[in-house]
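# Descriptive analysis of the structure
Below are the chains, spelled out letter by letter.
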Amino acid sequence: MQEYTIRPFDFTQAASLVPLFKECFGRDVPSNYFQWKFLDNPAGPAIGHVAVTKEDETVGFYGMIPEYYRFGACEQMVHQGCDVMTLPAHRRQGLFGRQFRATCEMGRTLSNRFTFMGFGGQTTISTYRKMGVTVPFSIPFYFKLAFLCRLPKLRRLDAPQEINAPNRLVLDMIQENASRRKNTKIFDDYFIQWRLKNPLIKYRILHDDSAYAIFYVAGSFIFLFDAWEAAKGKGRRVMSFLDNELTRAGKKGILTFGQEGGSLARHVRRHGFI
């Protein structure tokens with residue numbers, strides 16, 4: 001049976017994860033992706049562990065990035081699990097659980113209020129459950145298929161403004177959106193600007209005076225990263241632009257996900273998502 005050592009990962013060597021990412025996800029990433037994600041985060045550096053064979057080959061990784069959340073009137077740092085990677089030949093060896101537990105222990109040494117949050121598919125969720133993690137809610141996908149985007153509009157709407165980086169108006173609307181939630185990630189200027197600098201994604205930002213949408217093209221779909229309208233119907237111009245952009249680009253539909261009953265889910269359902 002293969003022997004593994006689970007050890008803390010030195011995030012100043014994050015570029016060494018590039019080949020592991022390629023092998024696990026079949027995707028090339030620039031070395032500055034891990035610099036951005038794990039070290040440039042305004043909430044602080046990531047924590048994590050790697051699984052290493054006796055031949056000193058890195059075959060697994062589990063990391064957590066810190067983020068600030070507000071729960072009612074209380075603000076707290078939360079560590080979110082991310083980029084779980086295990087080489088195919090070394091899966092089903094319990095590495096996920098060993099790395100996860102070691103990273104949680106590391107987090108507890110940093111704070112006696114250490115809190116973990118994770119997202120994932122059914123396999124990941126099942127593993128988390130076995131390790132005692134509570135699953136409080138689901139985050140389903142919402143779709144707007146191409147034929148719905150092509151339905152004739154009653155009247156032509158003026159196009160909203162498109163910008164490459166969030167301006168003061170968009171920053172304020174994102175923060176207003178978050179302020180209306182009881183429990184939310186804290187969206188200050190630094191976090192928003194950092195989050196939208198992901199080297200893997202070219203975000204496009206639409207806005208008018210009372211609505212915004214942030215989206216990008218991903219394969220056959222347009223992925224709606226975030227959207228908000230100040231009141232019901234105020235986002236018609238922004239959402240109409242997305243419909244027209246999908247038709248122009250010949251994509252299959254617009255895709256997003258959000259917590260059931262949350263502001264994003266309510267918003268997109270008003271605009272024809274199912």
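Provided above is the structure to which this section pertains.
All of the points below concern the structure found in this document. Within every chain, residues take consecutive numbers counted from 1 along the sequence as written. Per-residue local features are limited, in this predicted model, to residues with pLDDT of at least 70; the limit for side-chain atom pairs, both in listing and counting, is 80 or more; totals at the level of whole chains, interfaces and linings are taken over all residues. The side-chain numbers reported here are obtained from all heavy atoms of the structure, hydrogens and water having been left aside.

## A look at the packing of aromatic side chains
Centres within 6.5 Å make a pair out of two Phe, Tyr or Trp rings, where for Trp the six-membered ring is used; the pair is then stacked when the planes are under 30 degrees apart, edge-to-face when over 60, and tilted otherwise. Applying the stated criterion across every chain, the model contains 28 aromatic pairs. With a centroid separation of 5.2 Å and 55 degrees between ring planes, the pair formed by Phe116 and Tyr128 is classed as tilted. Of this pair, Phe116 sits in strand E5 (residues 116-117) while Tyr128 sits in helix H4 (residues 122-130); the two residues are 12 residues apart in sequence, bridging distant segments of the chain. For the pair shown, Phe116 and Tyr128 are each scored as buried. On the basis of an interplanar angle of 55 degrees and a centroid distance of 5.0 Å, the ring pair of Tyr203 and Phe225 is categorised as tilted. Of this pair, Tyr203 sits in the loop between helix H7 (189-195) and strand E9 (204-207) while Phe225 sits in strand E11 (residues 221-229), and the two are 22 residues apart along the sequence. Throughout this description, buried means an accessible area under 20% of the type-specific maximum (1.4 Å probe, protein chains only), exposed means over 50%, and partly exposed covers the range between. According to the relative accessible area criterion, Tyr203 is buried, its value standing at 7%. Among the aromatic residues, ring-to-ring pairing joins Phe9, Phe11, Phe21, Phe25, Tyr33, Phe34, Trp36, Phe38, Phe61, Phe187, Phe191 and Trp194 into one connected group. Helical segments are the DSSP runs of H or I of at least four residues, strand segments are the runs of E of at least two, and each set is numbered from the N terminus.

## Looking at the sheet that holds strand E12 (residues 253-257)
Strands belonging to one sheet form pairs held by backbone hydrogen bonds; the direction of such a pair is parallel or antiparallel. Reading across the sheet, the 6 strands line up as E6-E12-E11-E10-E9-E7 and stay open at both edges, with mixed pairing between neighbours. For this open sheet the edge positions go to strand E6 (141-145) and strand E7 (161-163), each flanked by a neighbour on one side alone. Geometrically, the sheet is characterised by an average inter-axis angle of 30 degrees between neighbouring strands, direction not taken into account. Where E6 lies against E12, 5 bridges are found, and the strand directions are antiparallel. Strands pair, by our definition, only if DSSP identifies at least two bridges between them. As a rule, the C-alpha atoms of each element are fitted with a line to give its axis, helices using only the stretch in contact, and angles between N-to-C directions run from 0 to 180 degrees.

## Looking at the layout of surface pockets
Lining residues are those with an atom within 4 Å of a point, where the points come from a 1 Å grid over the protein atoms alone and group into cavities, where a 1.4 Å probe fits but cannot get out, or pockets, open sets with protein on both sides within 12 Å along at least five of seven lines. Grid points are joined across faces, edges and corners, and a volume is the space filled by probe spheres set on the points. If you add up the space inside the second largest pocket, you get close to 440 Å³. What lines the second largest pocket is a set of 16 residues, and nearest its centre among them are Thr86, Arg91, Arg92, Phe96 and Thr123. Here the lining of the second largest pocket is composed, by residue class, of 6 nonpolar, 8 polar and 2 charged. Each residue is assigned to one of three groups, with Ala, Val, Leu, Ile, Met, Phe, Trp, Tyr, Cys and Pro labelled nonpolar, Asp, Glu, Lys and Arg labelled charged, and all others, Gly among them, labelled polar.

## A few points about the side chain of Gln99
With respect to the helices and strands, the residue Gln99 is situated in helix H3 (residues 95-110). Residue class for Gln99 comes out buried when judged on its relative accessible area of 1%. Residues contacting Gln99, with those up to four places away along its chain left out, are Ile6, His49, Val50, Ala51, Gly60, Phe61 and Tyr62. Any two residues whose heavy atoms approach within 4.5 Å are treated as being in contact.

## A word on helix H2 (residues 32-39)
Among all positions of H2, only Tyr33, Phe34, Trp36, Lys37 and Phe38 are buried. For H2, the elements touching its buried residues are helix H1 (18-25), strand E3 (58-71), strand E4 (74-86) and H7.

## A short note on the side chain of Lys185
By the secondary structure assignment, Lys185 is in strand E8 (residues 183-185). When its relative accessible area of 18% is taken as the criterion, Lys185 is described as buried. Within polar-contact distance, the side chain of Lys185 engages the side chain of Glu67 at 3.5 Å. Setting aside chain neighbours within four positions, we find Lys185 in contact with Glu67, Tyr68, Tyr69, Gln80, Ala178 and Phe191. Think of a polar contact as two N or O atoms within 3.5 Å of one another; within protein, one of them needs to be a possible hydrogen donor and the other a possible acceptor, and neighboring residues in sequence only count if both atoms come from side chains.

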